[in-house]
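Descriptive structure summary
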Amino acid sequence: MNAAKRAEIFRRLKEDNPNPETELAYSTPFELLIAVLLSAQATDVGVNKATAKLYPVANTPEAIYALGVDGLSEYIKTIGLYNSKAKNTIETCRILIEKHGGQVPENREDLEALPGVGRKTANVVLNTAFRQPAMAVDTHIFRVSNRTHIAPGRNVLEVERKLLKFVPKEYLLDAHHWLILHGRYVCKARKPQCGSCRIEDLCEYKHKTSDD
């Protein structure tokens, strides 16, 4: 895929959705960090239901840490792997309080040092909360990047590096959101909705579906 095609793809995605946002509910960098930490192997809808009850009661490192693992578990027990997530969240809160003055760090190294926070989570926080040009590659973005040939790669790190290299700079800050939404609602895993896809004529997928 050439640069002109990529530029037109992102121009259209921006035209359709000028200000894309994460579907996770949050109002502070800390709320986003916890929501993303809880979202592993869970849906955004499920996480939002849990945090809608949690955040009015506790939405700072100090307040959530005060709940303890058992107290936090009561709020997030509807989410998969909630036991390990509760432990990681409490430990993350402790580190934020002791090492970062209760603030979410704005760099990858400190974020990835937090329990349960890997490269993808760090990238989401850096990009969404702090508006840094980071690319969080989840299953949707990995699929769309390979299927369309925007940034094909054998693993998530290779796709991430190619996206950072190939996405035009003017679209880089929001590219993560456009790609994840496109993968979630149009370029679906089992059956992509090519017939109703905004970028079908630019996509290089060889097995396009004829109906929508």
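On a predicted model such as this, the values are computed, not experimentally measured, just so you know.

Parameters and conventions
- Residues numbered from 1 in each chain as written.
- Predicted model: local features only at pLDDT ≥ 70, side-chain atom pairs only at ≥ 80, totals over all residues.
- Heavy atoms only, no water.
- Helix = DSSP H or I, 4+ residues; strand = E, 2+ residues; numbered from the N terminus.
- Buried < 20%, exposed > 50% of the residue type's maximum accessible area, 1.4 Å probe, protein only.
- Areas by Shrake-Rupley, 256 points an atom, 1.4 Å probe, with all protein chains shown as cover.
- Lys, Arg positive; Asp, Glu negative; His and termini not counted.
- Charge placed at Lys NZ, Arg CZ, Asp CG, Glu CD.
- Axes fitted to C-alpha atoms, helices over the stretch in contact; angles between N-to-C directions.
- Parallel < 35°, antiparallel > 145°, perpendicular 65-115°, else oblique.
- Contact = heavy atoms within 4.5 Å.
- Nonpolar A, V, L, I, M, F, W, Y, C, P; charged D, E, K, R; others polar.
- Left-handed = near helix turned anticlockwise from the far one by under 90°.
- Core = buried A, V, L, I, M, F, W, Y, C linked by side-chain atoms within 4.5 Å.
- Phe/Tyr/Trp six-rings, centres within 6.5 Å; stacked < 30°, edge-to-face > 60°.
- Lys NZ or Arg CZ within 6 Å of the ring centre and 35° of its normal.

Of the regular secondary structure elements, the protein holds ten helices and zero strands. Going from the N terminus to the C terminus, the protein shows its helices and strands as α-α-α-α-α-α-α-α-α-α. Considered along the principal axes of its C-alpha atoms, the protein spans approximately 55 × 30 × 30 Å. Within the protein, the proportion of its 212 residues that are buried is 46%. Here the protein displays about 10700 Å² of accessible surface, and carbon together with sulfur accounts for 51% of that area. Charge separation in the protein, taken as the distance between the mean sites of 30 positive and 26 negative side-chain charges, equals 6 Å.

Among the structural elements, Arg6 can be located in helix α1 (residues 3-16). For the pair formed by Arg6 and His149, sequence separation is 143 residues and the distance between their alpha carbons is 9.4 Å.

Turning to the packing of helix α4 (residues 61-76) against helix α5 (residues 82-100), a few remarks are in order. Running from N to C, α4 and α5 cross one another at 175°; their axes reach a closest spacing of 9 Å. Taken together, the axes of α4 and α5 lie roughly antiparallel to each other. Facing α4, whose interface residues are Pro61, Glu62, Ile64, Tyr65, Gly68, Val69, Leu72, Ser73 and Ile76, α5 presents Tyr82, Asn83, Lys85, Ala86, Lys87, Thr89, Ile90, Cys93, Arg94, Leu96 and Ile97. Each residue belonging to the contact of α4 with α5 can be placed in one class, and the counts come to twelve nonpolar, four polar and four charged.

A positive phi is found at Gln41, a non-glycine position, where the angle reads about 55°. Mapped onto the fold, Gln41 is located in the loop between α2 (29-38) and α3 (44-54). The phi dihedral of Arg131 is positive, around 55°, even though this residue is not glycine. Secondary-structure assignment places Arg131 in the loop between α7 (119-129) and α8 (139-148).

As for its position among the elements, Cys187 is in the segment after α10 (172-185). Sequence-distant contacts of Cys187, defined by excluding residues within four places in its chain, comprise Arg143, Val144, Arg147, His182 and Pro192.

What follows is about α7. Within α7, eight of the eleven residues are buried, leaving the element largely enclosed by the surrounding structure. Where α7 is buried, its residues contact α2, α6 (108-112), α9 (156-166) and α10.

α7 packs onto α2 with a crossing angle of 150° between their chain directions and a minimal axis gap of 10 Å. Relative to α7, the element α2 is oriented roughly antiparallel. Where α2 crosses over α7, the handedness of that crossing is right-handed. Judged by residue contacts, Pro29, Leu32, Leu33, Val36 and Leu37 of α2 engage Thr121, Val124, Val125, Thr128 and Ala129 from α7. A class-by-class count of the residues in the contact of α2 with α7 yields eight nonpolar, two polar and no charged.

Bringing the nonpolar core into the picture now. Grouped together as the largest cluster of nonpolar side chains are 34 residues, with contacts concentrated most on Ile64 and Leu111. Per-element tally for this core: the top contributor is α2, with eight residues. Other than its neighbours up to four places away in sequence, Ile64 contacts Phe30, Leu54, Ala58, Leu72, Thr89, Ile90 and Cys93.

Here we take up the packing of aromatic side chains. Two aromatic rings, taken as a pair, are described by how far apart their centres are and by the angle between their planes. In this structure the tally under the stated criterion is two aromatic pairs. Here Tyr171 and Trp178 contribute two aromatic rings whose centre-to-centre distance is 6.2 Å and whose plane-to-plane angle is 65°, an arrangement assigned as edge-to-face. Neither Tyr171 nor Trp178 differs from the other in exposure class; each is buried. Taken together, the ring pairs in this structure connect Phe10, Tyr171 and Trp178 into an aromatic cluster. Over the ring of Phe166 we find Arg6, and its NZ or CZ is 4.1 Å from the ring centre. Across from the ring centre of Tyr205, 5.1 Å away, lies the NZ or CZ of Arg147, which sits over that ring.

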